[in-house]
Amino acid sequence: MSPRAGTAPPVSGAPVPGYVAPADTLDRARAVLGPFLPVFAGGSPGAEVAGVVDQMTAWAGSDAAVAGWVAEYVPAAAGDTGMSGKALAGAVLAWAQLHGSVGLEAAGQFAGMGHGGDTLPAAQTEMLANAFALA
């Protein structure tokens, strides 16, 4: 699949079964998400995010490229799939929350809903920090 003419490739792959994102897309996504990894690596995830942490721990344990990427940003995570899983879970959750709220705000979907564009991302960030016992 190729992007529409005149547009940059998406950061995430198209939701098509069997789709594999091009390497340059993965590189961009890893560069954007990388700085989040050390923030969450030392957290203490609560029960509300345990399922995501478990899945990300399994991913880090089964994909050497992912484990290596995490270790680039969190050297202490090298060989520690549990720490890698926490880091990955936090980064993916932060990305999903911010992507959603910023995208909806940019598209004007919050117009008339009674809150400013700054309050939702701030609340989501605080909730995520609490979920990882970072606050």
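Residues numbered from 1 in each chain as written. Predicted model: local features only at pLDDT ≥ 70, side-chain atom pairs only at ≥ 80, totals over all residues. Heavy atoms only, no water.

(A) Representation of the pattern of salt bridges in the model. Taken as a whole and judged by the stated rule, the model has 1 salt bridge. For aspartate 24, the salt bridge identified is with arginine 28, shortest N-O distance 3.1 Å. Of this pair, aspartate 24 and arginine 28 both sit in helix H1 (residues 23-33), 4 residues apart, which is roughly one turn of the helix. (Salt bridge = Lys/Arg side-chain N within 4 Å of Asp/Glu carboxyl O. Helix = DSSP H or I, 4+ residues; strand = E, 2+ residues; numbered from the N terminus.)

(B) Region of interest: the nonpolar core. Leu37, Trp69, Val70, Leu88 and Phe132 are the most contacted members of the largest nonpolar core, which has 22 residues in total. Going through the elements one at a time, helix H2 (37-41), helix H3 (50-62), helix H4 (64-73), helix H5 (81-106) and helix H6 (119-131) are the ones with two or more residues in this core. With 6 residues, the top contributor of residues to this core is H5. Setting aside its immediate chain neighbours within four residues, leucine 88 contacts Leu37, Met56, Trp59, Ala60, Val66, Trp69 and Val70. (Core = buried A, V, L, I, M, F, W, Y, C linked by side-chain atoms within 4.5 Å. Buried < 20%, exposed > 50% of the residue type's maximum accessible area, 1.4 Å probe, protein only. Contact = heavy atoms within 4.5 Å.)

(C) Main features of H1. Restricting attention to buried positions, one finds in H1 the residues Thr25, Ala29 and Leu33. What you see down the axis of H1 is that its buried residues fit within an arc of 60°, all on one side. Exposed residues lying more than 90 degrees from the buried face of H1 are Ala23 and Asp27. Where H1 is buried, its residues meet H2, H4 and H5. (Arc of directions from axis to C-beta.)

(D) Representation of the confidence of the model for the chain within the structure. Summarising the model, the chain shows a mean pLDDT of 87, and 89% of its residues fall at 70 or more. For the chain, per-element mean pLDDT is lowest for H1, which scores 90, and highest for H2, which scores 97. Taken as a whole, residues 1-10 scores under 50 in pLDDT and shows 9 contacts with residues more than four places along the chain or in a different chain. (pLDDT = per-residue confidence, 0-100.)

(E) Structural context of the environment of glycine 82. With respect to the helices and strands, glycine 82 occurs in helix H5. For glycine 82, a relative accessible area of 32% corresponds to the partly exposed category.

(F) Up close: the environment of valine 39. Within the secondary structure, valine 39 sits in helix H2. Between the C-alpha atoms of valine 39 and phenylalanine 132, which are 93 residues apart in sequence, the distance is 9.7 Å.

(G) Layout of the environment of valine 70. Counting through the fold element by element, valine 70 comes out in helix H4. Classification of valine 70 by relative accessible area gives buried; the value is 0%. Taking C-alpha positions, valine 70 is 9.1 Å from arginine 30, a pair spaced 40 residues apart along the chain. In this view, valine 70 contacts Leu37, Ala77, Ser84, Ala87 and Leu88; residues no more than four positions away in its chain are not counted.

(H) Quick peek at the packing of H4 against H5. Contact pair H4 / H5: the axes reach a minimum separation of 10 Å and the direction vectors enclose 80°. Relative to H5, the element H4 lies roughly perpendicular. In this structure, H4 uses Val66, Trp69 and Val70 to contact H5, whose residues at the interface are Ser84, Ala87 and Leu88. Here the contact of H4 with H5 is built from residues that sort into 5 nonpolar, 1 polar and no charged. (Axes fitted to C-alpha atoms, helices over the stretch in contact; angles between N-to-C directions. Parallel < 35°, antiparallel > 145°, perpendicular 65-115°, else oblique. Nonpolar A, V, L, I, M, F, W, Y, C, P; charged D, E, K, R; others polar.)

(I) View of unusual backbone geometry. A positive phi angle, near 55°, is found at alanine 133, a position not held by glycine. Within the secondary structure, alanine 133 is located in the segment after H6.

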